[in-house]
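Descriptive structure summary
Each chain, written out:
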Amino acid sequence: GLAPNGELYADGKNVTSLYHIRRFTGLKDENGVEIYEGDLIDFYHSQGAERHVFNSEVKWIQEWCGFYFRDNLMLNSRMRVRVVGSKYQNPELIN
């Protein structure tokens, strides 16, 4: 189980280092996939011609109390994004 100090235990052993505990953003991408801290997303921004920002990592920034990605853009429900992986399962996608 999860201890009050945030460490994870199984059969009396500390197994925290075997897992990545990630925060849920409360948001879903354009395909209905839940977005978590550490996910890599494609962000579609259209201003004139559509452009893509690929493989931006979703990060929790405590000082700003929010989830942010590329160039400190705050993630919100009006954005068109698609989860393409996570930094834990797809580290090769990080640019």
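This text follows the structure it describes.
Below you will find a few notes about this structure.

Quick notes on the rules
Residues numbered from 1 in each chain as written. Predicted model: local features only at pLDDT ≥ 70, side-chain atom pairs only at ≥ 80, totals over all residues. Heavy atoms only, no water. Pairing = 2+ DSSP bridges. Helix = DSSP H or I, 4+ residues; strand = E, 2+ residues; numbered from the N terminus. Salt bridge = Lys/Arg side-chain N within 4 Å of Asp/Glu carboxyl O. Buried < 20%, exposed > 50% of the residue type's maximum accessible area, 1.4 Å probe, protein only.

1. Brief notes about the sheet that holds strand E9 (residues 73-74)
Reading across the sheet, the three strands line up as E7-E8-E9 and stay open at both edges, with antiparallel pairing between neighbours. The open sheet terminates on both sides in strands that have one partner only, identified here as strand E7 (59-61) and E9. One ladder, built from two bridges, connects strand E8 (residues 66-69) with E9; its direction is antiparallel. What sits directly across from Phe69, in E9, is Leu73.

2. A look at the pattern of salt bridges
Using the criterion set out here, one finds five salt bridges in the structure. Between Glu37 and Arg23 there is a salt bridge; the shortest N-O distance is 3.2 Å. Placement of the pair is Glu37 in the loop between strand E4 (34-36) and strand E5 (39-47) and Arg23 in the loop between strand E2 (13-14) and strand E3 (24-28), with a sequence separation of 14 residues. Accessibility expressed as a relative area gives 39% for Arg23, which makes it partly exposed.

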